[in-house]
Every structure is written in C-alpha cells, then in structure tokens.
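# Structural description and commentary
The lines below spell out each chain.
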Amino acid sequence: MAEFVRVLAAAELPPGKGAEAVVAGKPVAVFNVDGAFHAISNTCVHRGGPLGQGVLDGSIVMCPWHAWTYDVTSGMSSVNPDLRVARYETKVEGGDVYVKVE
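None of these values were measured; they are calculated from a predicted model.

Before going further, it helps to examine the overall build of the protein. Broken down by element type, the protein carries 0 helices and 9 strands. Along its sequence from the N terminus, the protein presents helices and strands in the succession β-β-β-β-β-β-β-β-β. The proportion of buried residues among the 102 residues of the protein is 43%. For the protein, the proportion of contacts with a sequence separation of at least 24, taken over those separated by at least 6, is 40%. As presented, the protein carries roughly 5,500 Å² of accessible surface, and 51% of it is formed by carbon and sulfur atoms. Counting 8 positive and 11 negative side-chain charges, the protein places the centres of these two groups 4 Å from one another.

This next bit is on the nonpolar core. Counting 15 residues, the largest nonpolar core has Val-7, Val-28, Val-30, Val-97 and Val-99 as the members making the most contacts within it. Broken down by secondary-structure element, the contributors of at least two residues to this core are strand S1 (4-9), strand S2 (18-23), strand S3 (26-33), strand S4 (36-41) and strand S9 (96-100). Per element, the largest residue contribution to this core is 3 residues, and it comes from S2. Formed by 12 residues, the second largest nonpolar core is a distinct cluster that contains Phe-31, Ile-40, Cys-44 and Val-61.

It is worth spelling out the pairing of strand S8 (residues 87-93) at this point. Two elements, S4 and S8, share 2 bridges in a ladder whose sense is antiparallel. Bridged to Ile-40 within S8 is Arg-87. With 5 bridges joining them, S8 and S9 adopt antiparallel strand pairing. Pairing of Lys-91 across the sheet is with Tyr-98, part of S9. Hairpin connection between S8 and S9: a loop of 2 residues separates the two successive antiparallel strands, and Gly-94 in this loop has a positive phi of roughly 60°.

Let's shift gears to the pattern of salt bridges. Tallied over the full model, the rule gives 3 salt bridges. Glu-93 is the salt-bridge partner of Lys-91, the closest N and O atoms lying 3.6 Å from each other. Residue Glu-93 is classed as partly exposed on the basis of its relative accessible area of 44%.

The antiparallel open sheet is built from 3 strands, whose spatial order is S5-S6-S7. Whereas interior strands pair on both sides, the edge strands pair on one side only; in this sheet they are strand S5 (55-57) and strand S7 (69-71). When strand polarity is set aside, the average angle formed by the axes of neighbouring strands in this sheet is 25°. Pairing of S5 with strand S6 (residues 60-62), which is carried by 3 bridges, proceeds in the antiparallel orientation.

The rules behind each value
- Residues numbered from 1 in each chain as written.
- Predicted model: local features only at pLDDT ≥ 70, side-chain atom pairs only at ≥ 80, totals over all residues.
- Heavy atoms only, no water.
- Helix = DSSP H or I, 4+ residues; strand = E, 2+ residues; numbered from the N terminus.
- Buried < 20%, exposed > 50% of the residue type's maximum accessible area, 1.4 Å probe, protein only.
- Contact = heavy atoms within 4.5 Å.
- Areas by Shrake-Rupley, 256 points an atom, 1.4 Å probe, with all protein chains shown as cover.
- Lys, Arg positive; Asp, Glu negative; His and termini not counted.
- Charge placed at Lys NZ, Arg CZ, Asp CG, Glu CD.
- Core = buried A, V, L, I, M, F, W, Y, C linked by side-chain atoms within 4.5 Å.
- Pairing = 2+ DSSP bridges.
- Salt bridge = Lys/Arg side-chain N within 4 Å of Asp/Glu carboxyl O.
- Axes fitted to C-alpha atoms, helices over the stretch in contact; angles between N-to-C directions.

Put into structure tokens, the structure is as follows:
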C-alpha cells in the first residue's frame, strides 16, 4: 500500500515554481499553484523531458525540451485531452509537502 513521502518543505517551493523528486522510485514533479501543491509524473509523454524543470504559467507547465504543456492539477495535456501524465495525491503537514505514489 502506498504511503505519503515527504518531498520538501513547503517554504522551499514558492508559488509559480516547480521541483523534482523521486518518490517510491518514480520521478515526480511538484508544483506550487497559488499556495496549493500538485504532483505529476516528471516525465513528458513526448520525449521524456523533465516537467519539474518546466515553466509554470498558472496551472499549466511547459516541458523545457519541446514545449508540450500539461495542467498540473489533472495531468492532462492542455492541447490533447487524450494525452496525460500521472497525477499524484499531495498533502501539506507540519510545513512539509508529502506525495503519495500508487
């Protein structure tokens, strides 16, 4: 059964930014959207680009390799709703951000 894993202190990730982590052996990108934390796969479905290094505009992250875009709140491609990356549950507890990967 999957458990929440601490990935970083909430204060380390300001609004409008992303970070990369590995949770249960999986690459995860964590984003702060106006104080709400969201986690998706860190691997773009196009060519495997690191989404956690992408530019975040509102809730949309742009892959730094080829500009594919995803909504970090759902994992869905903002261009093609048939494409998506995995989305993971997050919580903030004691000032830390936790992610659960199934």
